[in-house]
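Secondary and tertiary structure notes
Read off the chains here:
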Amino acid sequence: MPHRRFPATTLPAFLITCCIALPFPAVAERLTYNFNPDWRLAVADPADAAQPGFDDQAWKRVTLPRAWNEDDAFAKDIVDQSTGVAWYRKRFTLPAAARGRKVFLEFEGARQAAEVYVNGKRMGLHENGINAFGFDIGAALVDGENTVAVRTDNSWDYREKATGQRYQWSDKNFNANYGGLSKNVRLHVTDKLYQTLPLYSTLGTTGVYVYARDFDIPGRRATVTAESQVRNEYGRPRTFTYEVQIVDRDGKRVAAFSSPAQTVAPGATAVVKASAPVKDLHFWSWGYGYLYDVATILKVDGKPVDRVVTRTGFRKTGFADGMVKLNDRVIQMKGYAQRTSNEWPAIGLSVPAWLSDYSNGLALASNANLIRWMHITPWKQDVESLDRLGLMQALPAGDSEADVTGRRWEQRIEAMRDAIVYNRNSPSVIFYESGNRGVSEPHMLEMKALRDQFDPHGGRASGSREMLSARLQQVAEYGGEMLYVNKSARIPMWAMEYSRDEGARKFWDELTPPFHKDGDGPPHKGQDASVYNRNQDTHAIENVKRWYDYWRERPGTGTRVSSGGVNIIFSDSNTHHRGAENYRRSGEVDAMRIPKDGYYAHQVMWDGWVDVEKPRAHIVGHWNYQPGTSKAVTVISSADKVELRLNGKPLGQGRQSERFLFTFDDVAWQPGELKAVGFDAAGKQVCEAVLATVGTPAALKLTPIVSPSGLRADGADLALVQVEVVDAQGRRNPVALDAVTFDVEGPAEWRGGIAQGPDNHVLAKTLPVEGGVNRVLLRSATRAGKIVVRASAPGLAGAVLTLDALPSPQANGLSTRLSGADLPVYLERGPTPATPSYKVTRVAVLPASVEAGSNAADAANSYDDDETTKWVSKPGEGAPAITYRLAQPATLTEIALKLSGWRERSYPLKISVDGEVVFSGMTPKSLGYVTLPLAPRRGSAVKVELNGVAEEGNAVKMTEVANQAIVDTGANTTPKGVLSIVEIEFYQAAAPASY
């Protein structure tokens, strides 16, 4: 059976996109090798392991990237992951052309510390466990065979050798500990006049920087500049010219320009640059990962001596008026706060580049536009993956849950500096994140200064979580809380992580085997953990309810707006957890990237830059039940109305809530077809979704998912194999839970999958499907050939799959096939549309003054665009009230308020305009802001008064693992008999307009 690559059902159109051509022939002036092949690994700390003559023949042969404790991934709780010292050794021989030239080793990272030796000589130590690093190894090399040895130590309590200080981000909550050389390694051979590598901490160098300015988006023009840090290590001055060539994805040269000849003194370093206007550009955009190859060339006497090819894209950004703009179009942040480890069972983070694209591409296919990597900088492979896909990303430095001081702050500054230098050519990097729980004003200024020094022209905002106060908004360029909705008329505010509930993919609902009652599970730290043991129905519905608060405050809804947010997390993660399992199940896909219903919920709600641009519908759940079953059916849709039909018979229209939820109560199950049909406001059908009853299980079906270039026999490539239980017509049975046994023949290593059961079935060759489907991983060997996979289950017809492992040549420990270089870019969404991304639905009316019966000096805090200030009435003053005088009379239609205790507390309010009551009732609980509809009344004086005592019945409280203060909304410090307004806004209906 021939293998398929990136099935269209999971990643549409990936195969029909074109690969970027590699237009530059291999030339003698610079050689770059894949240094991943043919290492040996021992989990031990033997004496003399750094010496070239050390006998390592009994050590395990591996291809990098490879965490030495990969077997722990998802089998063990994060706190129990194996730690200690492991050695990696490698022998290699350089080609004769490298003799007498500069030679550098580049590591994309190591965990936690890595001490590197070449032929027994110590090259240096890297300790922070995050950033890329490298060494100039030329002086240690010998003719013939050379030996590299690396001692790694991933102890949780590892301390910096020079200071004794621990690293804040070595944290057992979120930073899964995949130890050793778990990222790619490259080797570079250059002339002694060369462009440096972007490895600041170990080499002190910054490399190449390419950027665009003077954008004309409609005219598809910009001025492109390339800068290179050039070093002369000859013993005499060198005069050279600097040339730049820009080549598009089809291999066509679109621009060439140069700078005048210049001379660099011996031992000196200089920055050279050249720029020129370039026309007919394809601007990088959401879902349009258009990239160019920019060659920067040093020529001496007209002959090239060094050429560096930088793959990058060009796009324009803007951060103002509470909004983000990409290529002059407003875009609301819609995406995921993903663990930087982005891990897989029994593998950890060390997957091939195509599998990074597959995983991240699924996030894009759910209509996400932003990945916020959590706590620490991701590895280069994931950064470049988002470049190819057209997914924006927020890049952190390294931290835990608080601002820090002293050496710990210096460590964060160094991590941010190195991350900027290493990743500043990636167009997908839109935000630099300075802190996961806010930083001080002086620290924010330091982080901005780093950006201004090393990436002044990249169009990237420097900010941090929180940054809510007016003062911090004058320093930071974006902000936003972790769990709640924030708004601003100044810098963009987007939620750094929301919707943290957990639920296993195995559980559809309470009526489907294994009949998991929603919320069943052990307490978490002595507290109720029901929301961390959801089933797919309630998990998806909760995702909709949470997003609704951000959608409601989107651009177009007033002067102060929310710039969106990111849901935590995208894929189930081997990090801290609150539910019944020993790993986190908050993902919209499981650990094998099989979608849950919440995945499709986001696909429906997020299909647009701001407003929904493509109506969709999704029926939550399945349609295989027992006779006599009756259940509520939920349809998630962006249509205005939804009708349900069962076997062609109309069942009426759904009850709409939270804009996107349509509920149909007590639907009696019948076998057949359940169809949801969506209509716009005018009654025109705009979308539909179908569920069908599937027949009894009859057979197993295997489907391979491999790289677009095929499975490579390099000892590191992976094949993802999907197994399904299908009926006689080949349709997946959604309630099957059969145990499947696998057998593998040929040059491959079994890595398996995950399911509920002992040790989560990690590495087991028998594991159950869940909801009729599961997946397993195979790792290639270093020998090409056929791999035969057989699957069997009692009572079902078995399945056989044959994979071809293709040769992956390497010689003397070196390969010229660089990771990710041959992967396609994703262009399906097309360039940034020129049309408006949102309609204005309401217009803010500003107050001119305010009067309050008590604490009058603080009254203006209630509309100062600063969510760290508020007005609070004095206890015991009677009916607390505050009156606002509008700048001009207006017919108000709505008021939005952020009230202290917004998540736990409801306030009984009476609102009047010029003395006439326009609202009376209880405020709903929310993620921040509540919108109250008003009876239309033209006037200029708006009085808001507390009409009773606030109540906290059915309060929605949140539990935070690291620090419960993080979820504080002020309810605990605000008496129920007072009125406490954080922010208030007044709106009138908008005239039709789009922006």
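My aim in this report is to walk through the structure given alongside it, one point at a time. (Residues numbered from 1 in each chain as written. Predicted model: local features only at pLDDT ≥ 70, side-chain atom pairs only at ≥ 80, totals over all residues. Heavy atoms only, no water.)

A closer look at empty space enclosed by the protein
In total, this model carries seven cavities of 30 Å³ or more according to the counting rule given. Each pocket or cavity is described by its volume, and for the largest cavity that value is around 170 Å³. Lining the largest cavity we find 16 residues, and of these Arg 111, Asn 175, Lys 183, Leu 349 and Ile 376 sit closest to its centre. (1 Å grid on protein atoms, 1.4 Å probe; cavity = no way out; pocket = protein on both sides within 12 Å on 5 of 7 lines; lining within 4 Å. Points joined across faces, edges and corners; volume = space filled by probe spheres on them.)

Side note on the packing of helix α2 (residues 353–365) against helix α3 (residues 380–389)
Across the interface, α2 lies against α3 with an axial gap of 9 Å and an inter-helix angle of 55°. Relative to α3, α2 is oriented oblique. The hand of the α2/α3 crossing is right-handed. In this structure, α2 uses Ala 353, Ser 356, Asp 357, Asn 360, Gly 361 and Leu 364 to contact α3, whose residues at the interface are Gln 381, Asp 382, Ser 385, Leu 386, Arg 388 and Leu 389. Of the residues belonging to the contact of α2 with α3, the class tally is four nonpolar, five polar and three charged. (Axes fitted to C-alpha atoms, helices over the stretch in contact; angles between N-to-C directions. Helix = DSSP H or I, 4+ residues; strand = E, 2+ residues; numbered from the N terminus. Parallel < 35°, antiparallel > 145°, perpendicular 65-115°, else oblique. Left-handed = near helix turned anticlockwise from the far one by under 90°. Contact = heavy atoms within 4.5 Å. Nonpolar A, V, L, I, M, F, W, Y, C, P; charged D, E, K, R; others polar.)

Overview of the pairing of strand β43 (residues 773–780)
Counting buried positions over the eight residues of β43 gives eight, a clear majority of the element. Of the two faces of β43, both are covered, the one formed by Val 773, Arg 775, Leu 777 and Arg 779 as well as the one formed by Asn 774, Val 776, Leu 778 and Ser 780. Inspection of the sheet shows strand β39 (residues 718–726) paired to β43 by seven bridges, in the antiparallel sense. Across the sheet, the residue bridging to Leu 718 is Arg 779, located in β43. Strand direction decides the pairing type here: strand β41 (residues 748–752) and β43, joined by four bridges, are antiparallel. When the bridges of β43 are listed, Ala 748 appears paired with Ser 780. (Buried < 20%, exposed > 50% of the residue type's maximum accessible area, 1.4 Å probe, protein only. Pairing = 2+ DSSP bridges.)

Digging into the environment of Lys 448
You can see Lys 448 is positioned in helix α5 (residues 441–454). Note on Lys 448: relative accessible area 16%, which makes it buried. In this view, Lys 448 contacts Ser 462, Val 475 and Glu 477; residues no more than four positions away in its chain are not counted.

With respect to the side chain of His 188
Locating His 188 in the fold gives a position in strand β10 (residues 185–190). A distance of 2.6 Å separates polar atoms of two side chains, one belonging to His 188 and the other to Glu 106. When sequence neighbours within four positions are dropped, the list of residues in contact with His 188 reads Arg 30, Leu 31, Thr 32, Lys 102, Val 103, Phe 104, Glu 106 and Leu 197. (Polar contact = N/O pair within 3.5 Å; in protein donor to acceptor, adjacent residues only side chain to side chain.)

Things to note about the packing of aromatic side chains
The geometry of an aromatic ring pair comes down to the distance between the two centres and the angle between the two planes. With the rule as written, the count across this model stands at 35 aromatic pairs. Ring geometry for Phe 133 versus Phe 135: centroids 6.0 Å apart, planes at 65°, classification edge-to-face. Of the two residues examined, Phe 133 and Phe 135, each falls in the buried class. With centroids separated by 5.2 Å and ring planes inclined at 80°, the aromatic side chains of Tyr 599 and Tyr 600 adopt a geometry described as edge-to-face. (Phe/Tyr/Trp six-rings, centres within 6.5 Å; stacked < 30°, edge-to-face > 60°.)

With respect to unusual backbone geometry
Residue Arg 111 is joined to Gln 112 through a cis peptide bond whose omega torsion reads -5°. Among the secondary structure elements, Gln 112 is positioned in the loop between β5 (102–107) and β6 (113–118). Here Ile 568 and Ile 569 are connected by a cis peptide whose omega angle stands at 5°. Within the secondary structure layout, Ile 569 lies in the loop between β28 (564–568) and α8 (597–605). Of note, Asn 119 is a non-glycine position whose phi angle comes to about 50°, a positive value. Considering the arrangement of structural elements, one finds Asn 119 in the loop between β6 and β7 (121–126). Look at Asn 760: it is not a glycine, yet its phi comes out positive at around 55°.

Quick look at the side chain of Ser 182
The residue Ser 182 is located in the loop between β9 (145–153) and β10 in this model. Residues contacting Ser 182, with those up to four places away along its chain left out, are Pro 65, Arg 66, Ala 67, Leu 349, Ser 350 and Trp 379.

A look at the sheet that holds strand β17 (residues 292–300)
Strand pairing in a sheet is mediated by backbone hydrogen bonds. Such pairs are either parallel or antiparallel. Pairing within the open sheet is antiparallel, and its four strands lie in the order β15-β14-β17-β18. A strand with exactly one partner marks an edge of an open sheet, and here the two such strands are β15 (253–264) and β18 (303–312). Adjacent strand axes in the sheet meet at a mean angle of 15° when their direction is disregarded. One ladder, built from seven bridges, connects strand β14 (residues 238–247) with β17; its direction is antiparallel. The residue bridging Glu 243 from the neighbouring strand is Ile 297, located in β17.

With respect to the sheet that holds β7
With respect to topology, six strands assemble into an open sheet ordered β3-β2-β4-β9-β6-β7, the strand pairing being antiparallel. Looking at strand neighbours, the two that pair on one side only are β3 (60–62) and β7, the edges of this open sheet. Recorded for the sheet is a direction-independent mean angle of 25° between the axes of neighbouring strands. With three bridges connecting them, strand β2 (residues 39–42) and β3 associate as antiparallel partners. Across the sheet, the residue bridging to Trp 39 is Val 62, located in β3.

Brief notes about the pairing of strand β4 (residues 85–93)
In terms of residue burial, β4 counts as a mostly covered element, since seven of its nine residues are buried. Relative to β4, β2 is paired through four bridges, and the arrangement is antiparallel. Looking across to β4, one finds that Ala 42 is bridged to Trp 87. As judged from the nine bridges shared by β4 and β9, these two strands associate in the antiparallel manner. Paired with Phe 92 across the bridge in β9 is Asn 146.

Some points on the pattern of salt bridges
Where charged atoms from two side chains of opposite charge come close, those side chains can pair. Taken as a whole and assessed by the stated rule, the structure comprises 77 salt bridges. A salt bridge links Arg 616 to Asp 607, with the nearest nitrogen and oxygen atoms 2.8 Å apart. Of the residues examined, Asp 607 reaches a relative accessible area of 5% and is grouped as buried. For Asp 804, the salt bridge is made with Lys 786, and the minimal N-O distance between the two is 2.8 Å. Separated by 18 residues along the polypeptide, Asp 804 in strand β45 (residues 796–807) and Lys 786 in strand β44 (residues 785–793) bring together distant segments of the chain. One salt-bridge network, held together by shared partners, links Lys 487, Arg 490, Asp 549, Arg 552, Glu 553, Arg 560, Arg 842, Asp 865, Glu 867, Glu 894, Lys 898 and Glu 985. (Salt bridge = Lys/Arg side-chain N within 4 Å of Asp/Glu carboxyl O.)

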